[in-house]
Amino acid sequence: MLRQQVYSILLAFLLHSGALEAKEPQSFLSDTLVRKDQVQNVLEHQPAKEPHCQQVPTGPIETTLCDFETVESYNDELYTQLHDLVQTPFFKYYRADLYRECPFWQENGYCMNRECAITTVDESEIPPSWRASELSRLELPSEDLRNTIPGCYYRDSDFCFLDDLSEGDYVDLTANPERFTGYTGPSAHRVWASIYEENCFGISEWALSSAPNPAPVTLPDSMTGVLRSEGADSSRTCLEKRVYYKIISGLHASISTHICYEFMNQTTGEWSPNLECFINRVAAYPERLQYIYFDLVLLTRAVARIGPYLSAYDYCGTGTHKGDDDTLNQVKNVIGIAQTVGKFDETVLFRGENAAILKEEFKQHFRNVTRIMDCVGCDKCRLWGKVQTSGVGTALKILFELDEKALDPHLNSNLLSRSEVVALINTLHRLSESLYFVNEFRKIWAETAQSEEQRLIHEAEKVVASEDAVKPPSHSPSADANRPPRAFFDDVQRWLWACRNGTMDCVRGLLLGLRNLLDALTNIFKLSGKEQGPHSEF
């Protein structure tokens, strides 16, 4: 016990509550990571075609008011509408700075595979009203309203860094699809490890767990059924941290699904779905697929909430309004579906006396994730990473920063930049397409011989066993609970780096560390109390 107490003090900068997930009604997605018949449960499930979503929660998508069956029943229509929409001129052209240096480490792991490269578009092919010079004049906020670093900026309401349009290339997203590129190895693993490490909420989570009125305890009646849980420590779990983790893991699973579905056989050079890749990366881990559903519900809620603004947006870039009506009608169709599927109650997050601190930390962590995209050594992966982290960041801003008055398109016509609108819709399309691909994998599984099924399951079990042998696993929210001492020294190294560069993170890290150290010392004797139940923090 004493060693745990001392270790808790050493980890004062990163002290977390154990991420105990609430148990939900049984579905084809089990709550456990991998278990008996899990691959079969995922791949042999028949998607629902009738909606079951009600105001009273009936399904197992945690922290939402909807169920898997409702998402499945609407996804075919949603995917069809989005697939057509993202091919329209407004939504397929995106400008991004793909050559900004990695701000966190020296990145030398650039992908030399030709599939990592992207095809850019000459500015002359872009309608004048969508060019950087015009958008900078109309959209770029004044200097006193933005926090700037070289090449990008953020406003206080933003959850991500935005390119300032002074640098970058125009890209046709339809000509650069998200798929297998061969980018892997230490560089790719370092990027994902850094992203998951941004799940550390330090002082905010520690304070919330001991505050007299923490957010998870004061939920409105509409969400208490969804968030039901067991065990003495479940009420002390930081809901915001769980939501953050689900967002990142769902995005990771969606990207993996695209890579596996559009996979290149490096021996034959042919492109085709790779069932074994999908099983090993997604199907053998039910929570990964579950979080894709969660992300889709989150983004559809954002689209539904911003619906009036999107309906009033000008999607025409030519001045002739040719095709403008078709684009607007497709947007309205997506909004209509989003109003049915997007059953997420954003008001249950960031509540309690420390809510403002926690929200600011949440923003800072997600902003760091968007900056980590500059460390991706594959141009195409970096492009889609920027698009999707920007899309999720835009959704978070819509849900947690904008009040009803701000959403009024007549009062706030420049609420979102064009890049944010494009990123939001394309990210929703990515998630919807992932679920569409999952159903395609189910069809492939149904046609697979039994002997091959057994081989695939056996291989998946070996992959899972090998990952379980290396703790903590990158996809587990409880990984933070058992962080090795090396993780502590890595964080101290990052803090020293921040101090050397004179950033505010240096002062903030010192203050948070001192506060956590004091909290740890104050609570050191409480940790052994039987009345508090078992602890899994350390």
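One numbering rule holds for all chains: residues counted from 1, following each sequence as written. Only residues with pLDDT of 70 or above have their local features reported here, since the model is predicted, and side-chain atom pairs are shown and tallied only from 80 upward, although totals for entire chains, interfaces and linings are computed over all residues. Hydrogens and water molecules were not included; the side-chain quantities draw on all heavy atoms of the structure.

**Some words on the pairing of strand S1 (residues 93-96)**
Part 1 of the reasoning: Exposure is judged per residue with a 1.4 Å probe applied to protein chains only, and the accessible area is read against the type maximum: over 50% gives exposed, under 20% gives buried, and values in between give partly exposed. Note on conventions: DSSP H or I runs of at least 4 residues are helices, E runs of at least 2 residues are strands, and numbering of each starts at the N terminus. Here S1 shows a buried face lined by Tyr93 and Arg95 and a second buried face lined by Tyr94 and Ala96.
Part 2 of the reasoning: At least two DSSP bridges between two strands are required for those strands to pair. Across four bridges, the pairing between S1 and strand S6 (residues 169-172) is antiparallel. Across the sheet, the residue bridging to alanine 96 is aspartate 169, located in S6.

**Details of the packing of aromatic side chains**
Part 1 of the reasoning: What counts as a ring pair is set by centres within 6.5 Å for rings of Phe, Tyr and Trp (its six-membered ring), and what kind of pair is set by the plane angle: stacked under 30 degrees, edge-to-face over 60, tilted for all other angles. Across all of its chains, the model carries 22 aromatic pairs by this definition.
Part 2 of the reasoning: Centre to centre, the rings of tryptophan 192 and tyrosine 196 are 6.2 Å apart; their planes meet at 40 degrees, and the pair counts as tilted. With tryptophan 192 and tyrosine 196 both in helix H6 (residues 186-197) and four residues apart, the pair spans about one turn of that helix.
Part 3 of the reasoning: Measuring from centroid to centroid gives 5.2 Å for phenylalanine 350 and phenylalanine 400, while their planes differ by 85 degrees, and the two rings are edge-to-face.

**Examining the packing of helix H9 (residues 239-261) against helix H15 (residues 379-400)**
Part 1 of the reasoning: Helix axes use the C-alpha atoms of the stretch in contact, all axes being lines fitted to C-alpha atoms, and the angles between their N-to-C directions lie in the range 0 to 180 degrees. Running from N to C, H9 and H15 cross one another at 145 degrees; their axes reach a closest spacing of 12 Å. H15 is crossed by H9, and the crossing has right-handed handedness. On H15, the residues that touch Ile247, Leu251 and Ile255 of H9 are Gln388, Thr389, Val392 and Leu396.
Part 2 of the reasoning: Here the contact of H9 with H15 is built from residues that sort into five nonpolar, two polar and no charged. Crossings are classed by handedness, with left-handed meaning an anticlockwise turn of the near helix from the far one by less than a right angle and right-handed meaning a clockwise turn. Here, two residues are considered to be in contact whenever any of their heavy atoms come within 4.5 Å of each other. Side-chain classes follow a simple rule in which Ala, Val, Leu, Ile, Met, Phe, Trp, Tyr, Cys and Pro form the nonpolar group, Asp, Glu, Lys and Arg form the charged group, and the remainder, Gly included, forms the polar group.

**Brief notes about the state of the cysteines**
Part 1 of the reasoning: Criterion for a disulfide: a pair of cysteine sulfur atoms at a distance within 2.5 Å. On inspection of all chains with the given rule, the structure shows two disulfides.
Part 2 of the reasoning: Note that cysteine 102 is cross-linked by a disulfide to cysteine 375, the S-S spacing being 2.0 Å. On the S-S bond that ties cysteine 102 to cysteine 375, the torsion sits near 75 degrees, and the link is right-handed. Of the two residues, cysteine 102 sits in the loop between S1 and strand S2 (120-121) while cysteine 375 sits in the loop between helix H14 (355-372) and H15, which places them 273 residues apart along the sequence.
Part 3 of the reasoning: Taking relative accessible area as the criterion, cysteine 102 reaches 14% and is therefore assigned buried.
Part 4 of the reasoning: At a sulfur-sulfur separation of 2.0 Å, the disulfide partner of cysteine 260 is cysteine 277. Looking along the S-S bond of the cysteine 260-cysteine 277 disulfide, the torsion reads about -60 degrees, which is the left-handed sense. Remark: cysteine 277 occurs in helix H10 (residues 275-283) and cysteine 260 occurs in helix H9; sequence separation between them is 17 residues. This pair shows no difference in class: cysteine 260 is buried, exactly as cysteine 277 is.

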